[in-house]
Amino acid sequence: MAPSELLDGATVHSIARHGKRLAIIAADGRCLVVQLGMSGQLIAGGNASDSHQHVTWLVTNPARGRSINPPTSIPLIFRDPRRFGGLTAYGNTASLYESWNAELGPDALTIQAQALRAAMTGARAVKVALLDQTIVAGVGNIYADESLHVAGIDPRMRCDQLSPQRVTALALAIRTILNRAIKHGGSTLRDYRSGLGAAGTAQALHAVYGRAGEPCRSCGQSLHETRLGGRTTVWCRSCQTGVTSVGATDRK
Ligand SMILES: [Zn+2]
């Protein structure tokens with residue numbers, strides 16, 4: 001990417017986020033979208049000798065007015081060891097929001113039942129639909145499993161067989177689970193850290209994800225694992241119900 005696309009020389013005007021995409025918006029309209037993917041990180045004050053760093057910005061907080069404090073600079077590093085993340089440049093905010101509207105569904109943090117109901121159609125398994133960012137933007141594998149558990153829905157259930165009541169429960173579960181995870185600094189399973197390098201603690205709250213074979217915290221039955229849409233899926237066969245006709249090969 002050209003230095004101008006990486007916002008070289010720009011003044012940061014604002015930050016926007018939709019789903020898993022973060023936009024840094026410059027005062028002159030240039031936008032840079034950061035996608036962290038599986039293991040990407042934006043770290044303020046990161047280690048300059050990090051071998052996985054792809055871009056390093058020097059962010060300066062200028063001295064203002066009569067301030068006696070000199071300007072201060074910190075390095076902001078984008079590192080992406082597994083290379084599932086990426087950076088995308090937009091010349092102006094209109095093209096940024098156009099792409100978000102075309103590629104992303106409603107944001108998961110505020111998803112409402114009506115919008116979710118309109119998007120959850122067809123014969124796909126509800127778990128697979130939840131991972132589709134055009135249906136609802138911002139739900140990944142961990143929080144899809146956790147939300148379905150809270151809503152009491154079998155992840156293999158077909159979207160077109162979900163009752164309005166179940167979709168309403170699912171929308172509420174998604175909002176609740178995501179807001180709770182944010183409050184706890186996210187889930188650190190391997191390498192997730194906040195922008196300031198802090199590990200999250202939300203993984204301790206997981207009811208199903210990563211707990212296959214362990215007892216359900218609600219009913220005590222052993223949690224079940226299968227693969228749906230290529231992703232490991234864990235759920236409780238007692239607490240999570242629904243008519244299912246989506247083929248899934250059970251492992252246990
Ligand atoms: Zn259970």
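Residues numbered from 1 in each chain as written. Predicted model: local features only at pLDDT ≥ 70, side-chain atom pairs only at ≥ 80, totals over all residues.

Caption draft 1: Quick look at the confidence of the model for the protein chain. Averaged over every residue, the pLDDT of the protein chain is 89; residues scoring 70 or more account for 91%. Here residues 247-252 scores under 50 on pLDDT; set against residues more than four positions off or in separate chains, the count is 11 contacts. (pLDDT = per-residue confidence, 0-100. Contact = placed C-beta atoms within 7 Å.)

Caption draft 2: Broad picture of unusual backbone geometry. A positive phi angle, close to 70°, is found at Leu7, a residue other than glycine. Judged by the 21 C-beta atoms lying within 10 Å of it, Leu7 is buried. One non-glycine residue, Arg83, lies in positive phi territory at about 55°. Here Arg83 lies in the loop between strand S6 (72-79) and strand S7 (86-90). (Buried ≥ 20, exposed ≤ 12 C-beta atoms within 10 Å, placed from the backbone. Helix = DSSP H or I, 4+ residues; strand = E, 2+ residues; numbered from the N terminus.)

Caption draft 3: Layout of the pairing of strand S2 (residues 21-26). As defined by bridge partners, strand S1 (residues 12-18) adjoins S2 across six bridges and the pair is classed as antiparallel. The partner of Ala16 across the bridge, within S2, is Ala23. Between the antiparallel neighbours S1 and S2 lie two residues, among them Gly19 with a positive phi of about 55°. As judged from the five bridges shared by S2 and strand S3 (residues 31-35), these two strands associate in the antiparallel manner. When the bridges of S3 are listed, Ile24 appears paired with Leu32. As consecutive antiparallel partners, S2 and S3 are separated by four residues, and within that stretch Gly29 has a phi angle of approximately 100°, a positive value. (Pairing = 2+ DSSP bridges.)

Caption draft 4: Summary view of the sheet that holds strand S4 (residues 41-44). Spatially, the three strands line up as an open sheet ordered S4-S6-S5, and their pairing is antiparallel. One side of each edge strand has no neighbouring strand; the edge strands of this open sheet are S4 and strand S5 (53-61). Each strand of the sheet is rotated relative to its neighbour by a mean of 20°, with strand direction disregarded. Where S4 and S6 come together, four bridges link them in antiparallel fashion. Counted as the bridge partner of Ile43 is Ile77 from S6. (Axes fitted to C-alpha atoms, helices over the stretch in contact; angles between N-to-C directions.)

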